[in-house]
Amino acid sequence: MNAERTAASNAPGTTPSGASPKVAVVTGAGSGIGRSVALELLAAGWSVALAGRRTETLEETAALAAAASGARDEAVVCVRTDVSRPEDVTALFARVGEHFGRLDLLFNNAGTFGPGGVPVEELPYDAWRHVVDTNLNGAFLCAQAAFRQMKEQDPQGGRIINNGSISAHAPRPNSVAYTATKHALTGLTKALSLDGRPYRIAVGQIDIGNAATDMTERMQSGILQANGQLATEPVMDVADVARTVRHMAELPLEANVQFATVLATNMPYVGRG
Ligand SMILES: NC(=O)c1ccc[n+]([C@@H]2O[C@H](COP(=O)([O-])OP(=O)(O)OC[C@H]3O[C@@H](n4cnc5c(N)ncnc54)[C@H](OP(=O)(O)O)[C@@H]3O)[C@@H](O)[C@H]2O)c1
């Protein structure tokens, strides 16, 4: 069921320090934040499994990595995965174990906003379920599989970074499913952070506001504000998010960024507008 592909590259199979490359899984790696984080990690010498539902966009990410940073031959594997399907997630982490032998980082990033602009009283239950299945159940399934691998492997331990949102703190109008799941991710982060302590598993969360991706195209054309008006909003470069995630990822396991908030400086959030 899962399509796999290994990308070509030239760099030696070790990091500049001579240690074995660290291994990451990035979900939603075929676009936006996931792609940018995957490229950042690969350029820094990590090995990365790229996961998402569309094989062709994962392969584009792999090709971009090979062109931009000459990632090693064995450094990239593309695994077609729907994170809301338990059997897909099981197959993803089995493939990572076979190909790389261990797991140091899960960037739990795949997500969907769901149908925008639908008032709560009109939201179909299927639409609610799709957002919950992707953003919460998918994140749980991936975190559980990563946790199991990190607990069992030798040396033990690893890091999980959940991609929350400013919506983990404050809603936009007509975003009940997205906001509820992103608030729930904060609970997932805290619970896993506690449960990971005995096993050297560090769990943190990045809460992003208005990185320029497909998901935030509406920010630049006009998006509904809390006061009922439409307004354009500032966005920031997705590469600035990727650098933050890499910083969190490369800390020693004895240190953890529990929550990081990275947002377009002038977006409406602080100051209630
Ligand atoms: N951009 C922002 O300012 C911002 C702000 C706060 C939070 N975030 C969060 O950042 C994450 C990435 O968003 P983005 O802005 O980069 O938007 P995006 O480009 O739309 O990325 C979403 C990614 O998730 C993948 N995905 C969706 N459903 C999936 C599923 N069931 N299984 C596997 N992969 C799935 C998509 O790939 P496929 O369609 O190929 O599966 C896509 O690559 C999301 O969790 C989002 O909530 C973004």
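Shown above is the structure to which this text applies.
Residues numbered from 1 in each chain as written. Predicted model: local features only at pLDDT ≥ 70, side-chain atom pairs only at ≥ 80, totals over all residues.

The immediate surroundings of the ligand are formed by 31 residues, with Gly-28, Gly-32, Arg-53, Gly-111 and Thr-213 found nearest. When contributions to the shell around the ligand are tallied by element, the ones reaching two or more residues are helix H1 (32-43), helix H4 (125-152) and strand E6 (201-209). The greatest single-element share of the shell around the ligand, amounting to 3 residues, is contributed by H1. Of the residues assigned to the shell around the ligand, the class counts are 6 nonpolar, 21 polar and 4 charged. (Near = placed C-beta within 6 Å. Helix = DSSP H or I, 4+ residues; strand = E, 2+ residues; numbered from the N terminus. Nonpolar A, V, L, I, M, F, W, Y, C, P; charged D, E, K, R; others polar.)

A word on the packing of helix H3 (residues 86-100) against H4. When two helices pack together, you describe them by how their axes are tilted relative to each other and by the distance separating the axes. The N-to-C vectors of H3 and H4 enclose an angle of 35 degrees; their axes lie 10 Å apart at closest approach. Handedness of the H3/H4 crossing: right-handed. Residues Pro-86, Val-89, Thr-90, Phe-93 and Gly-97 of H3 form the contact with H4, whose participating residues are Leu-141, Cys-142, Ala-145, Ala-146 and Gln-149. A breakdown of the residues in the contact of H3 with H4 according to their chemical character gives 7 nonpolar, 3 polar and no charged. (Axes fitted to C-alpha atoms, helices over the stretch in contact; angles between N-to-C directions. Left-handed = near helix turned anticlockwise from the far one by under 90°. Contact = placed C-beta atoms within 7 Å.)

All right, on to the environment of Thr-134 then. Within the fold, Thr-134 resides in helix H4. Judged by the 23 C-beta atoms lying within 10 Å of it, Thr-134 is buried. Expressed as a C-alpha distance, the spacing of Thr-134 and Ala-68, which sit 66 residues apart in the sequence, is 30 Å. Non-local contacts of Thr-134, meaning those with residues more than four positions away in its chain, are made with Val-83, Ser-84, Ala-110, Gly-111 and Thr-112. (Buried ≥ 20, exposed ≤ 12 C-beta atoms within 10 Å, placed from the backbone.)

Counting through the fold element by element, Met-215 comes out in the loop between E6 and helix H6 (217-221). With 19 C-beta atoms counted inside 10 Å, the residue Met-215 sits in the partly exposed group. Note: C-alpha distance between Met-215 and Thr-112 (103 residues apart in sequence) is 8.0 Å. Setting aside its immediate chain neighbours within four residues, Met-215 contacts Gly-32 and Phe-113.

Both faces of the sheet carry side chains from a regular strand, because those side chains alternate between them. Among the 5 residues that make up strand E1 (residues 23-27), 5 are buried, leaving the element largely enclosed by the rest of the structure. Alternating residues of E1 divide into Val-23, Val-25 and Thr-27 and Ala-24 and Val-26, and every residue in both groups is buried. Pairing of E1 with strand E2 (residues 47-52) involves 5 bridges; the strand directions are parallel. For Val-25, the partnering residue across the bridge sits in E2 and is Ala-49. Handedness of the β-α-β unit built from E1, H1 and E2 comes out right-handed. In this structure, E1 lies alongside strand E4 (residues 105-108), joined through 3 bridges in parallel fashion. Bridging across to E4, Ala-24 finds its partner in Leu-105. (Pairing = 2+ DSSP bridges. Right-handed = clockwise from strand over helix to strand, strands pointing away.)

Given a rise of 1.5 Å per residue, 15 residues ought to cover 21 Å, and the 21 Å separating the end C-alpha atoms of helix H2 (residues 55-69) matches this to within 8%. Buried residues of H2: Leu-58, Thr-61, Ala-62 and Ala-65, and no others. When H2 is viewed along its axis, its buried side chains cluster within an angular range of 95 degrees and face the same direction. Of the residues in H2, the exposed ones pointing more than 90 degrees away from the buried face are Glu-56 and Ala-67. Along its buried surface, H2 packs onto H1, E2 and strand E3 (76-80). Where H2 terminates, the next one or two residues include Gly-70, which has phi positive at roughly 60 degrees. (Expected span 1.5 Å × (residues − 1). Arc of directions from axis to C-beta.)

Counting 63 residues, the largest nonpolar core has Val-26, Ala-38, Leu-42, Val-48, Leu-50, Val-76 and Ala-146 as the members making the most contacts within it. The residues contacting Val-26, other than those within four sequence positions of it, are Gly-34, Val-37, Ala-38, Val-48, Leu-50, Ala-51, Phe-107 and Asn-109. (Core = buried A, V, L, I, M, F, W, Y, C linked by C-beta atoms within 7 Å.)

Scope: geometric values only; no functional claims are made or implied.
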